[in-house]
Every structure is written in structure tokens, then in C-alpha cells.
There are 2 protein chains.
Amino acid sequence: MILGNMDNSQPNITNQPAIILALDAMGGDSAPGCIIDGAALALKLMPAGREMRFLIFGDKGAITPHLSKHQALLARCELVHTTEKVLADDKPSVALRQRRGSSMRMALDAVAAGKAHCVVSAGNTGALMVLARAALKTLPGIDRPAIATIIPTRKQPLVMLDLGANVACDSGNLCQFARIGAVFAQRVLGVALPKVALLNIGVEELKGREEIREAAQLLRTDKALPGEFIGYVEGDDIGAGTADVIVCDGFTGNIALKTMEGTAKLLTDFLREAVKASLLAKFGMIFALPAFRRLYQRVDPRKYNGAMFLGLRGICVKSHGGTDAVGFASALQVAYELVEQRFNEHICRVFEQHSPAISGQEPTNQDV
Amino acid sequence: MILGNMDNSQPNITNQPAIILALDAMGGDSAPGCIIDGAALALKLMPAGREMRFLIFGDKGAITPHLSKHQALLARCELVHTTEKVLADDKPSVALRQRRGSSMRMALDAVAAGKAHCVVSAGNTGALMVLARAALKTLPGIDRPAIATIIPTRKQPLVMLDLGANVACDSGNLCQFARIGAVFAQRVLGVALPKVALLNIGVEELKGREEIREAAQLLRTDKALPGEFIGYVEGDDIGAGTADVIVCDGFTGNIALKTMEGTAKLLTDFLREAVKASLLAKFGMIFALPAFRRLYQRVDPRKYNGAMFLGLRGICVKSHGGTDAVGFASALQVAYELVEQRFNEHICRVFEQHSPAISGQEPTNQDV
């Protein structure tokens, strides 16, 4: 099943009626069970008139018992057998050299060869990033890919990038991420003119690191940016929803994202303990529970599962390794959305219109 | 009233029975009212047998009406009149050159001259950092001061530094901060052998920026470190309380701290909205309220008010500019504690015992 050769934006395969997702069925803490269950759930949640198909890579013996439970999925998938897989503690360099026949690498190669539109994996993040870069390469005009995710805020959700693909970035990399993020906000978050900001430690013009000040200067006059550059934002602006796109280097983004996760967990634990310690509070919570459930739905981390590797010649989504079927289905929906919205075509259009190109550092072995 | 000349660790003045705090009465959003009320409250909260006195710098006309309400404070303070002050939007360079007669500068000069043990200000952070560095200088063996604060965690509170004094740090600076933080954890948090960690984006040895990996190497063999170096921690370890001391550069620390604040605010707002939107939940909250109040007390930001500028030849504490009297009193208690615990003497002892010294970058104009 060859859908056509891939060019920059995959025009051949996007002309096909169904969107085909390549699944690394062997990555993640509960693989392959929750991968298969997640795919079945995503199928069930698909609105009528849209079609999702799967190319599943992994160990047939381990996958088949799970697959046989889902008739609808069985009718919409093709299973490609391999016993090799990327291990959770494989170094990216090991994954690159020694895991050529792994489920993760084969899923990526399927996208590179035009056999699938996108790849979704819950496996080793560092390995996936390096394998994706090797298999898919970056889009024209983009020097480094970035990891992005959607974050809930007081206003509407925002997209933040980079979250760890690049330990250090120069001003050119940051500007490229700003454009990629702005296209994402338009296509996926539905914001017509996204507010784009650089994450910094103050809002004054002279604050922060040199590459951030340089990036601000470039973005102020970047005619290709499909959004409005609003300058710097600080850490507390993430939750406040001051911007639709927040741009930073991968070190800073990773620290900020994990700090958010840790703080949310701390407060939830404190809340639980406070209620547990008081009989009156336990009684009161019987009445407050439905409201708290609605609150939880608003910030349910499974809804925001799916880190997207953006800037590559193919869509690649990383699901959290510890997620369940509901979370994995979310990651599949994100991937589907990116393909359906022809995300990469829009990226290419933005980068083509700009002349001279903004160029940034290319990846080094230090990264990931 | 001269208490003696200052040497490295202020031995002359710490022999005096009372601890004297120099107050910048004109800094902060509600100055001088909440500064004076905060001082009066701190006096009231002092345990018997400990004495706190104040040297208050600022506009006599504005201060006196507030001061006259507090008889106990009146008996324990001296007011030094000045109408000049550092403005909230003064650049540090302007504060340094043009605000020599300001309440902030005079309070710092009083500590430098041995007239007071420590200074507390709720004014412009950047200006305070630069003025403090100019007036007090760093302790021997320390190239750059750091901003530190106490952070609540699931276990016991931890100290984190630097939070914004230094945009970039080299490995030597980070090691110096690690030692300073470890002394703080011992003296103020009461941890006999503090667990010291570097904030990074992964726990593996090869992760992160070069200066962090170098710092890890130095700390593994640093015999002067009064604690146990446990390696790297990630953003979510802050709330989890994995370490007693978390060390990072000022850019990263500032992003992490503000992200924590923003996330806590976001979740609190969501919680409030969820309860407001449901009559049943409102009813239930009547019973749960006492438990929630206890929870709030556990994380009350006023309790954790007070960013400490550590590594200087004098104690300098920055209160949040928007705090109330309760918060300002907390900052005064932190300052008092640092003096009473002879924090700087202990720092000097740690840095003296190490040979050869760990040396780091000196400050540049880029910082703050």
C-alpha cells in the first residue's frame, strides 16, 4: 500500500479520502494494550463523514489479543509485524543506530515513504525526536523542529514551544518557532490573528538573554508571521492566557511545563488532604463534587495529551508514556486534526513568503 | 548611633542585644502605611526575650501618622528623614546614579556602616539588587549574590536560588549558590544535612546545558558543601519536595517561580468559578470552608513573602511590592532569623574551608 511519494507538504496522500495514522504500538508504559484501546476509542469518537485508518507497527503476538476486542478497528487497520522496539531507557544515539527495525522507526519510515499521514507514539521522547528528525527531515526554511503542546489558561488554550527538543536556541530558531506556533494557533486553536510572545523574565525591552532580545527585534518586523507579536510575557502569563503562542528555548519550556505539572499536582494533593482531614469537609464535598468534576474536566491532563513535533516533513505526535486509552485517543485526535487542517502546507506557505529567510542554528548532538 | 564597623560577618553588631532592622519605608505599592503596620505586627509576634528595633528611612510627614498609631513600635524605632525615593519604574542604573539620598539607599548604607543588621524593602527589585551589591559588596569567595526564596512543597519547605539576580551563570556561580543554599537550609529550615540539587530538564548525567553538567561535576567532589549533592531535579520536583535546596541560574529560576505563581492562581480561579457556578457546591462549601482555610494557610503566599539577597556582606530581604502588613511582617521575620542565626558567619566559614576556591563569573551590566 503505497500512497504516493512525499513532497514537502504531503499533497499526494492528503488527496486520499481517509487519514492514515501510523502507530508505534510498542511504546509507552501500558503498550500495546492502551495503544490499541486508544485507537479504538478515537475511531468511536470520530464525527460522521470523517475517516481514520491505522497502520499499526509492533509485535503481532502481543497486539492481536487486544485488537480482536475491537471489530471496528480491525476493519480499519493493517498490522505490520516487528518484534524489535525502542526501549524506554535507550539513548537517542542508540535508538538511531541500533533500532532500525523497531516499531517506532518503522512507523516514522511509513510517513516518510508516504504510506501514512502521521505517526503517533507513546515511547521514549528523546529517541522519537531524533528518529523523527532523521526519518522525516525538517521542512524547507526550518533549521530545527520544536516540541509544542496545548496548555489550558484562564482564557482560551494556548500553544507553547519549544518544550525540550533544543536545549539552546538562537534568535533565528526562536523566530521560526514563533511562525510555526502562529500557524498552529490559527489552524488548530482557531485564532484568526494569534498573539505571539516570547517567554522572558520581565516585559521591558532590555530584559533577559541576548537571543531573546534579538528575536524580539526580528519578530517586530517579520512580515511572514501570521499573527501579532506582543513582546515578552513572564511565567505567570502562561496560566493567565495573555498570549495565544508562547515561544522559548527547549530548556526553559521544559522547566516551565514540568513546574506547571508539579504545582498542579501539589495543590491537588493539598486539597485532597485538607478534605480528608475533616469530616465536615467530606460531608460538604458530597454536594460540591459535581462542580469539582466539571473543574477537573476543564484541566484533565489527558485532554491535553499530545506533544507535537513541529517543523518536520510529516506530522509526529508524542503521547505521554503513562497515559491511558482516553489520553492516547486525544493524541490521535490531535494528529488527525493537524493532517486534516493541512498544517504543514500552511507552514510551507508562511516560510516561502518570507525573503530573506530567517536562519537559525542547526541541531547539534548536544540536543535532546 | 554607630554600632561598630562592619567586617565580613558583622561580629561587632551581632554582639548587641537587640537586632536592628533598617526599613525602606517608601518602597512598595502601599508604602509607607503597610511598612509601618508590618513592623508593628512583627514586633507583636516576637517571642519574649528577643528584641527587634528599627531604623526607618523615609518621608517623616508621610510616616508619622502611621507611626503614631503604634506605641510599642514608636519606643523601638528611630526615624531618619528623606524625601527622596527609588521609583517603581526606575532602571537599576538610574537608581544607582541618581538615588543616593533615597530611603532605599540610606537603609542599605546603614547596614554597610554597621548601624543596622539587615535591610528590608518592598521597593523596586532590580534597583534594590544593584544598590545592595554596590553598598554591601559580596562576601569573600562569592562572585555574585543570588536571590533566594522559601517554597512550600509536599514534604517540607525548600529554598530555591537564583531567582533573577543573574540572567546567566557559569558553573562556578552555580556551585557557590549551592553552598549558600545549603547553609540556608541548615540555619533557617533546620535541615541537618540538606539535599542539594541542580534544576535541569532530565535526571540523566548528560542532560541539559554545559554549565549545569560542569557544576554537577564540581559539586560531586565539593568537600565544603554543607549538604549532600543529589544530582539533577526537574520542574515537577520543586512541588514534590525532592530536594531541600534547588539551584539554577536567575533566568530559569524566575521563569519557574512565576510559572508556579501563575499555575496556583489559575487553579484557584478555576476552583472559585466551579463553586460559584453551582448552588449545590456553594452549599457544600459551607461545610468544607474551614478545611479550605487551613489549606490556604498552608500555602498563603504572605507566609512565603521575602526574597533574600544572599552572598552579600549584610542581610537584605525584598518583600513583595504588593503585599500587606502581614506579608511585610513575614519578610521582617525572615530578615531577623537570618541575623539571629548568624547566617553570614556560617557562609564565611564554608567558603573559607574550601581550597582551591570555586570561582565564577562576576556580574555584568546585563544582569538584573
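Note that the structure is a prediction, hence the values are computed from the model and not measured. Per chain, residues are indexed from 1 in the order of the written sequence. Whichever chain is written first is A, and whichever ligand is written first is 1; the rest continue in order. Where totals are concerned, whole chains, interfaces and linings use all residues; where local detail is concerned, this predicted model gives features only for residues with pLDDT of at least 70, and gives and counts side-chain atom pairs only at 80 or more. Working from all heavy atoms in the structure, the side-chain values ignore hydrogens and water.

1. Side note on the overall build of chain A
Here's step 1: The secondary structure listing takes helices from DSSP runs of H or I that are at least 4 residues long and strands from runs of E that are at least 2 residues long, numbered from the N terminus. For chain A, the helix and strand inventory stands at 14 helices and eleven strands.
Here's step 2: For chain A, the C-alpha radius of gyration of 21 Å lies close to 21 Å, the compact-globule estimate for 368 residues.
Here's step 3: The C-alpha extent of chain A, read off along each of the three principal axes, is 65 × 60 × 40 Å.
Here's step 4: For the exposure calls, accessible area comes from a 1.4 Å probe over protein chains only, and a residue counts as buried if that area is under 20% of its type's maximum, exposed if over 50%, partly exposed in between. Expressed as a percentage of the 368 residues in chain A, the buried residues total 60%.
Here's step 5: Here the open area of atoms and residues is found with the Shrake-Rupley method and a 1.4 Å probe, where only the protein chains shown may cover a residue. For chain A, the computed accessible surface area is about 14500 Å², with 52% contributed by carbon and sulfur atoms.
Here's step 6: The centroid of the 40 positive side-chain charges in chain A is displaced by 6 Å from the centroid of its 37 negative side-chain charges. When we talk radius of gyration, it's over C-alpha atoms, and the globule rule is simply 2.2 Å times the number of residues to the 0.38. Charge assignment in this entry is limited to Lys and Arg as positive and Asp and Glu as negative, and neither His nor the chain termini are counted. Charged groups are reduced to one reference atom each: NZ for lysine, CZ for arginine, CG for aspartic acid, CD for glutamic acid.

2. Some thoughts on the pairing of strand β6 (residues 158–161) of chain B
When a strand is regular, its side chains alternate between the sheet's two faces.
All names here are of chain B.
Here's step 1: Burial of the side chains of β6 extends over both faces: Leu158 and Met160 are buried on one face and Val159 and Leu161 on the other.
Here's step 2: Where strand β5 (residues 146–151) and β6 come together, four bridges link them in antiparallel fashion. Opposite Ile151, over in β6, you have Leu158 as the bridge partner.
Here's step 3: Only strands joined by at least two bridges in the DSSP assignment are considered to pair. Counted along the chain from β5 to the antiparallel partner β6, the turn is six residues long.
Here's step 4: With three bridges connecting them, β6 and strand β9 (residues 245–247) associate as parallel partners. Its bridge partner being in β9, Leu161 is matched across the sheet by Val247.

3. Some points on the packing of aromatic side chains
Here's step 1: Ring pairs shown here join Phe, Tyr and Trp side chains whose ring centres sit within 6.5 Å, with only the six-membered ring taken for Trp; geometry is labelled stacked below 30 degrees between planes, edge-to-face above 60, and tilted in between. Under the criterion given, the structure shown has two aromatic pairs over all chains.
Here's step 2: With 5.9 Å between their ring centres and 80° between their planes, Phe184 of chain B and Phe343 of chain B make a pair best called edge-to-face. Of this pair, Phe184 of chain B sits in helix α8 (residues 171–187) while Phe343 of chain B sits in helix α14 (residues 343–353), and the two are 159 residues apart along the sequence.
Here's step 3: When its relative accessible area of 0% is taken as the criterion, Phe184 of chain B is described as buried.
Here's step 4: Positioned over the ring face of Phe351 of chain A is Arg179 of chain A, at 4.9 Å from the centre of the ring. Lysine and arginine charges are scored as sitting over a ring when NZ or CZ, respectively, is within 6 Å of the ring centre and within 35 degrees of the ring normal.

4. Overview of the interface of chain A and chain B
It is common to report an interface's size as the accessible area lost on association of the parts.
Here's step 1: Opposite the 56 residues of chain A that make contact, chain B presents 56 residues.
Here's step 2: Here, a salt bridge means any Lys or Arg side-chain nitrogen found within 4 Å of an Asp or Glu carboxyl oxygen. For the interface between chain A and chain B, the tally reads six salt bridges.
Here's step 3: Among the ionic pairs, Lys258 of chain B bridges to Glu234 of chain A, the shortest N-O distance being 2.3 Å.
Here's step 4: Pairing of N or O atoms within 3.5 Å defines a polar contact, subject to two protein rules: one partner must be a possible hydrogen donor and the other a possible acceptor, and residues neighboring in sequence count only if both atoms are side-chain atoms. Along the contact surface separating chain A from chain B lie ten residue pairs in polar contact (both at pLDDT 80 or more).
Here's step 5: Considering every element that reaches the side of chain A that touches chain B, the biggest residue donor is helix α11 (residues 250–276) of chain A, with 20 residues.
Here's step 6: Broken down by class, the residue content of the side of chain A that touches chain B amounts to 29 nonpolar, 13 polar and 14 charged. Two residues qualify as a contact provided that any one of their heavy atoms is within 4.5 Å of a heavy atom in the partner residue. Under the convention adopted here, Pro, Cys and the residues Ala, Val, Leu, Ile, Met, Phe, Trp and Tyr are nonpolar, Asp, Glu, Lys and Arg are charged, and Gly plus all remaining residues are polar.

5. Overview of the relation of the copies chain A and chain B
Here's step 1: We superpose the copies by least squares over the C-alpha atoms of residues that have a pLDDT of at least 70 in both of them. Rotating chain A by 180° and translating it 0.0 Å along the rotation axis places it on chain B, where the RMSD comes to 0.0 Å. In the structure described here, the two chain copies are related by an operation that fits a two-fold rotation axis. Residues of chain A ranked by C-alpha distance from the rotation axis are headed by Gly284 of chain A, positioned 1.9 Å from it.
Here's step 2: A shared interface surface links the copies, since 100% of the contact residues of chain A are contact residues in chain B too.

Function cannot be inferred from these measures alone, as they are strictly geometric.
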